[in-house]
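Next come the chains, spelled out residue by residue.
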Amino acid sequence: MAVVPYKDKETSKREQIAEMFDSISPKYDLLNHVLSGGIDILWRKRAIRELKPYNPKKILDIATGTGDFALEALALKPEKIIGVDISEGMLAVGRDKMKERGVDKIIEMRSGDSERLPFGDNEFDAVIVSFGVRNFENLQKGLTDMQRVVRPGGVCVVLEFSNPRQFPFKQVYNFYSRTILPLIGRMVSKDASAYTYLPESVQAFPDGSDFLRIYEAAGFTNTKWIPLTFGVASIYIGHKQ
């Protein structure tokens, strides 16, 4: 059974994810940085550095949210970044952010389903996604569509939460994610389900080598897994031949 934010509703995971992010969008950036102690910023920078050797000129940022990963990708000096998301609330915050920073001509924020991307085959030099793939209704389908829109020779970089495996960090992290994180999230965002869903979705997500198997089944080759901060997050790299 799929992990969803609102267990009392019969709507699809996709619909619930859109509703959840619409609900928390005004406080999303603040909560992200507070709940991670700001380390999420360093994780994004590390993931973007993996793309530097490829010098991508056209980048697709999937599940872009408010556009933090897209902004980080500006360090690569691309010609165009398109961010797509199913949450209009998150996109509205992101569009305002791009205008404020004067980069709205380079970074375009569009409404779009990550599993049915509104782009042709082989359109992008790189596809990136941070903390979004575990929210896919169908992970295999989403990754396969990502592979479709990357050009041959292109690269995909996924940054996602994962489950620490080493004692005592595993135990400390589990306590924090199941007890402290939902409490803070509920106080700040007023959406209790959103920050209960987060640890549940991370726990259920096929991370590490399990994710690489699905990545490869979607058509990516020369895959690589890079654990971050004792395994709290991971970078996954895949190529399209």
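Nothing here was measured: the structure is a model prediction, and the numbers come from that model.

## Overview of the pattern of salt bridges
Point 1. A full pass over the atoms with the stated rule returns 20 salt bridges.
Point 2. Among the salt bridges present, the one from R95 reaches E88, with a minimum N-O distance of 3.9 Å.
Point 3. Overall, R95 belongs to the partly exposed group, its relative accessible area being 31%.
Point 4. E88 sits in the partly exposed class, given a relative accessible area of 41%.
Point 5. Between D207 and R165 there is a salt bridge; the shortest N-O distance is 3.1 Å. Of this pair, D207 sits in the loop between α8 (192-204) and α9 (209-217) while R165 sits in the loop between β5 (150-161) and α7 (169-189), and the two are 42 residues apart along the sequence.
Point 6. The exposure class assigned to D207 is buried, which follows from its relative accessible area of 6%.
Point 7. The structure contains a network of salt bridges with shared partners spanning R14, D113 and R116.

## Points about the pairing of strand β3 (residues 107-111)
Within a regular beta strand, the side chains point alternately toward one face of the sheet and then the other, so they alternate between its two faces.
Point 1. Two elements, strand β2 (residues 80-85) and β3, share five bridges in a ladder whose sense is parallel. Considered in β3, the bridge of G83 is made with M109.
Point 2. Read as a crossover between parallel neighbours, the route from β2 over helix α5 (residues 88-100) to β3 is right-handed.

## Considering unusual backbone geometry
Point 1. The omega angle of the peptide bond from F167 to P168 is 0 degrees, so this bond is cis rather than trans.
Point 2. With phi around 55 degrees, K77 is a residue other than glycine that occupies positive phi space.
Point 3. By the element assignment, K77 lies in the loop between α4 (68-72) and β2.
Point 4. Judged by its relative accessible area of 64%, K77 is exposed.
Point 5. Unlike most non-glycine residues, N222 shows phi in positive territory, near 50 degrees.
Point 6. Mapped onto the elements of the fold, N222 is located in strand β6 (residues 221-228).
Point 7. Given a relative accessible area of 60%, N222 falls into the exposed group.

## Re α7
Point 1. In α7, a bend of some 35 degrees at S177 exceeds every other bend along the element.
Point 2. The elements touched by buried residues of α7 are α1 (13-24), α2 (28-35) and α8.
Point 3. Following α7 by one or two positions, K190 adopts a phi angle in the positive range, close to 70 degrees.

## Looking at the UniProt feature "binding site: S-adenosyl-L-methionine" (unreviewed entry) in the protein
Point 1. Sequence positions flagged by UniProt for "binding site: S-adenosyl-L-methionine" (unreviewed entry) are, in local numbering, T66, D85, D113, S114 and S130.
Point 2. Relative to the elements of secondary structure, T66 occurs in the loop between β1 (58-62) and α4.
Point 3. When near neighbours in sequence (up to four residues on either side) are disregarded, T66 contacts Y28, D29, M90, V93, G94, K97, M98 and M109.
Point 4. Looking at the element boundaries, D113 is found in the loop between β3 and β4 (124-130).
Point 5. In this structure D113 touches R14 and I86, once residues within four positions along its chain are discounted.
Point 6. Engagement of the side chain of D113 in a polar contact is seen with the side chain of R116, the distance being 2.5 Å.

## Side note on the pairing of β4
Point 1. The buried count for β4 comes to seven of seven residues, which makes it a mostly enclosed element.
Point 2. Two strands pair when backbone bridges link them, and β4 and β5 are joined in this way by six bridges, in the parallel orientation. By the bridge assignment for β5, S130 is matched with L159.
Point 3. The β-α-β motif built from β4, the intervening helix α6 (residues 139-149) and the parallel element β5 has right-handed crossover chirality.

## Some words on the packing of aromatic side chains
A ring pair, where both rings are aromatic, is described by two values, the distance of the centres and the angle of the planes.
Point 1. Enumeration over the complete set of coordinates arrives at ten aromatic pairs.
Point 2. Ring centres 6.1 Å apart and planes at 55 degrees place the aromatic pair W43 and F131 in the tilted group. Taken together, the residues span a long stretch of sequence, with W43 in helix α3 (residues 39-49) and F131 in the loop between β4 and α6 at a distance of 88 residues.
Point 3. Accessibility expressed as a relative area gives 5% for W43, which makes it buried.
Point 4. Centroid distance W43 to F161: 6.1 Å. Interplanar angle 85 degrees. Geometry classified as edge-to-face. Note that W43 is positioned in helix α3 and F161 in strand β5, a separation of 118 residues in sequence. Of the two residues, W43 and F161, both sit in the buried class.
Point 5. Each member of the aromatic cluster is reached from another via a ring pair, and the members are F205, F211, Y215, F220 and Y236.
Point 6. Positioned above the aromatic ring of Y6, the side-chain terminus of K9 is 4.8 Å from the ring centre.
Point 7. The ring of F124 carries the charged tip of K58 above its face, separated from the ring centre by 5.1 Å.

Cut-offs and rules
- Sequence order sets the numbering: in each chain, residues are counted from 1 along the sequence as written.
- A pLDDT threshold of at least 70 governs which residues receive local features in this predicted model, and a stricter bar of 80 or more applies before side-chain atom pairs are shown or counted, although totals over entire chains, interfaces and linings include all residues.
- The basis for every side-chain value is the complete set of non-hydrogen atoms in the structure, without hydrogens or water.
- By definition, a salt bridge exists where a carboxyl oxygen of Asp or Glu is found within 4 Å of a side-chain nitrogen of Lys or Arg.
- Here's how the labels work: a residue is buried when its accessible area is under 20% of the maximum for its type, exposed when over 50%, partly exposed in between, all with a 1.4 Å probe on protein chains only.
- Going along the chain from the N terminus, every DSSP run of H or I of four or more residues is numbered as a helix, and every run of E of two or more is numbered as a strand.
- At least two bridges found by DSSP between two strands are what make those strands a pair.
- Think of it like this: strands point away, you trace from the first strand over the helix to the second, and a clockwise trace means the crossover is right-handed.
- Think of it this way: the bend at a residue is just the angle between two axes, each fitted to seven residues, one set ending at that residue and the other starting at it.
- In what follows, residue pairs with any heavy atoms lying within 4.5 Å of each other are defined as contacts.
- UniProt positions are given in the numbering used here, feature names are shortened, and annotations may be inferred rather than shown by experiment.
- Pairs of N or O atoms within 3.5 Å make up the polar contacts considered here, provided that, within protein, one atom can donate a hydrogen while the other can accept it, and that residues adjacent in sequence are counted only when both atoms are side-chain atoms.
- The pairing test for Phe, Tyr and Trp rings, Trp by its six-membered ring, is centres within 6.5 Å, and the orientation test on the planes gives stacked under 30 degrees, edge-to-face over 60, and tilted for anything in between.
- Both a distance and an angle decide whether a charge sits over a ring: NZ of Lys or CZ of Arg must be within 6 Å of the ring centre and within 35 degrees of the ring normal.

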